[in-house]
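# An overview of the molecular structure
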Amino acid sequence: MTGGRAPENGPGGPAASRAPTNLLPLGADGRPLSRRGHYEGRPHVLNWRRRAPHRPGAQPPRWAGPVPGLHPQGGAVRRIMYEHKLFCVVLLVATLVRVVAMLGYPPALWYPDSMPYVHAAMHVAPYQIRPVGYSFMLLALKPFHSFMLVVLLQHAMGLAAGTAIYALLRHRFRMPGWAATLAAIPPLLSAYTIQIEHFVLSDTLFGFLVTMAAVLMLWRPVPPVWTCALAGLLLSGAAVVRSEGLPLMVPFCIFLVPRLRSIRVIAGLLAMCITFAIPLLSYEQWFDRTYGSFGETTSTGAFLYGRVSTFADCSVIKPPADERWLCLSQPPSKRTQTSDYYVWSPNSPIQHEPGSESGPVSEFSNAVDRLATDFDRRAIMAQPLDYLRAVLYSTFQSFRANSTQNQYLFPAHAPESLQTIAADNDENYRDAYNYNQGAPSTRLVAPFAEITRVYQRFAVLSGWLLGIIALAGLTGMAAAWRHLGGPTLLPWLTGLVMLVFPPATAGFSSRYVVASVPPLCIAAALGVKQIADYFQAKAGERPPVGQRDLAPRPTAA
């Protein structure tokens, strides 16, 4: 050593022989090795990282020595599986069911809405009727030329959402394993959810993004800035995938209001709004450059027209002359069709705009969208109670015992070919063939298809059970009303918005219910916990969960 005096006790001297045993390397028998002597002519090399001293009576540290016959990593995995054995069993069953479904119905299931998503992935451009954020995922998977891979990823999203629910309830809220597993069962094992994951549709991606945003915000009592920013980004992605994601920022902002006690929370709220706005505004600008209208779609007027047409009375609305062509001659009391009929039926007035010199005009054109939106607004303002009655009726259909979800179940026979579906709905099927590099039509493979259909007869989340789940969350919020509903507020409001917004802007479809199940299950679990905490707090055992989350934390001196 240069530039200094060498230590008195060099290597192998007295100081080295008195080295603490907890700093010495371990032999194969787990006992500390001595530094005296040499091994193959070389001194022993020590790891001089500082370690905490072992206290008498305490458990031996993990680094004290290996357990004979057990690999350290394997032991950790076994301990995790043993601690969460009930959830691991449920997760294994959920995985096997999805594998059987993929084997029974390759490569995917198709819906008329599927083909425009594939078209937007093959020819990147916005779509007038729906946002095409889902097409970005298809575009990312395009090099693999496999709809089977698309379905595989969607099934993985379903498993990840259920796992995230379990992890949140166990990690943050310290719920017992059986309770957290019970909350994760509906999104993991519901045959209806599994079947929706098997479609080339945006529903699974939308629900996954919203669920992960809610889990992130609830992971800590007060979410840090980066968590809020990431949650805003996930919500923006959900809004680009489906327009129903646009109002979801409202419950997330409401959730942060009681926590606006520090600069960090205010910065988090601003970060969430910014990360939500930038991707969304970028998409709307892209749409504006393509169609000359700043927004996600030009279908808002048409879909809302279907909603108000079930009750709109022009004798009450008194629309201006340029909107009277949207009036229905049939009295409202005799209109038995659903809201979709007034959007897609050739007999609907919105399909026949008068005075067009260039021929038929699409109900999703800029001009029709502007006129229909204005007509819809007049109808709602003139008949608010009728509008509220229609929205409530459609919303409560989600909780009916005989839900319309039966139309989406796994079929008993091979469905129509993709060419037939495309021809019936005036869509292009060639993009799907080019994307898949082969026939993408659904096939039935025995015996896996039969096993899947037997499973779906029993593992169904019925409407009345969903109602109980929603009611449990609402009751839990009432128990924590002094703290604005506590942590249950965020997932419950998120699920409520996802249930109400489609009926309020278009109409009811059981397809739209699937994405609301994970946040409602989180809300139900937290609601039951808050009810239990409420009664324990009244008995003087501990403060309710809302108070523990919102109470100021002690700061270091």
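Description of the structure in this document. These numbers were taken from a predicted model, which means no experiment stands behind them. (Residues numbered from 1 in each chain as written. Predicted model: local features only at pLDDT ≥ 70, side-chain atom pairs only at ≥ 80, totals over all residues. Heavy atoms only, no water.)

## Looking at the state of the cysteines
Let me state the cut-off plainly: For the purposes of this analysis, a disulfide is any pair of cysteine sulfur atoms at a distance within 2.5 Å. Strands here mean DSSP runs of E at least two residues long; helices mean DSSP runs of H or I at least four residues long; both are numbered from the N terminus.
Enumeration over the complete set of coordinates arrives at one disulfide. Put simply, Cys314 and Cys327 are joined by a disulfide, and their sulfur atoms are 1.9 Å apart. A torsion of -105° about the S-S bond marks the disulfide between Cys314 and Cys327 as left-handed. Taken together, the residues Cys314 in helix α14 (residues 314-317) and Cys327 in the loop between α14 and α15 (341-344) connect sequence positions 13 residues apart. With no disulfide partner, Cys228 has as its closest neighbouring cysteine sulfur the one in Cys273, 9.5 Å distant.

## Brief notes about the environment of Ala312
Applicable threshold: Any two residues whose heavy atoms approach within 4.5 Å at even a single point are treated as in contact.
On the secondary structure map, Ala312 appears in the loop between α13 (300-308) and α14. Apart from residues lying up to four places away in sequence, Ala312 is in contact with Ile317, Pro332, Arg335, Ala379 and Gln383.

## A closer look at the side chain of Thr275
To keep things clear, this is the line we draw: In protein, a polar contact requires one atom able to donate a hydrogen and another able to accept it; more generally it is a pair of N or O atoms within 3.5 Å, and residues adjacent in sequence count only if both atoms are side-chain atoms.
Tracing the sequence through the fold places Thr275 in helix α12 (residues 263-291). Here Leu233 takes part through its backbone nitrogen, which lies 3.5 Å from a polar atom of the side chain of Thr275. Reaching out from Thr275, the side chain makes a polar contact with the backbone oxygen of Ala271 at a distance of 2.9 Å. Once you skip the residues sitting within four places of it in the chain, Thr275 turns out to touch Cys228, Ala229, Gly232, Leu233 and Ser236.

## What about unusual backbone geometry?
Rules: Exposed residues in this analysis have more than 50% of their type's maximum accessible area, buried residues have under 20%, and partly exposed residues fall in between, with area computed by a 1.4 Å probe over protein chains only.
Here the amide bond leading from Pro106 into Pro107 is cis, since omega sits at -10°, within 30 degrees of zero. Topologically, Pro107 is positioned in the loop between α3 (85-104) and α4 (114-122). Cis geometry marks the peptide bond from Ala446 to Pro447, where omega comes out at 0°. For Pro447, the position within the fold is in the loop between α19 (430-436) and α20 (448-458). The residue His145 is not glycine, and still its phi comes out positive at about 50°. Among the residues examined, His145 registers a relative accessible area of 30% and is labelled partly exposed. Backbone geometry places Lys318, a non-glycine residue, at a positive phi of 55°. Looking at where Lys318 falls in the secondary structure, it is placed in the loop between α14 and α15.

## Focus: the packing of α4 against helix α5 (residues 133-141)
Selection criterion: Comment: axis = line fitted to C-alpha atoms, over the contacting stretch for helices; angle = value between 0 and 180 degrees taken between N-to-C directions. Throughout, the term roughly parallel applies to angles under 35 degrees, roughly antiparallel to angles over 145, roughly perpendicular to angles from 65 to 115, and oblique to all others. Here a crossing is called left-handed whenever its near helix is offset anticlockwise from the far helix by less than a right angle, and right-handed whenever the offset is clockwise. Each residue gets one of three labels, nonpolar for Ala, Val, Leu, Ile, Met, Phe, Trp, Tyr, Cys and Pro, charged for Asp, Glu, Lys and Arg, and polar for the others, Gly among them.
Closest axis-to-axis distance for the α4/α5 pair is 8 Å, and the angle between their directions is 60°. With respect to α5, the axis of α4 lies oblique. Where α4 crosses over α5, the two elements pack in a sense that is right-handed. In this structure, α4 contributes Tyr117, Val118, Ala120 and Ala121 to the contact, and α5 contributes Tyr134, Ser135, Leu138 and Leu139. Of the residues belonging to the contact of α4 with α5, the class tally is seven nonpolar, one polar and no charged.

## Observations concerning the packing of α5 against helix α6 (residues 147-171)
Angle between the axes and distance between the axes are the two parameters that describe a pair of packed helices. In the contact formed by α5 and α6, the axes pass within 10 Å of each other and the chain directions differ by 125°. Between α5 and α6, the crossing angle belongs to the class labelled oblique. Handedness of the α5/α6 crossing: right-handed. Contact with α5, carried on its side by Tyr134, Met137, Leu138 and Leu141, involves Leu149, Val150, Leu153, Gln154 and Met157 of α6 and no other residues of that element.

Limitation: the analysis is restricted to geometry and does not speak to function.
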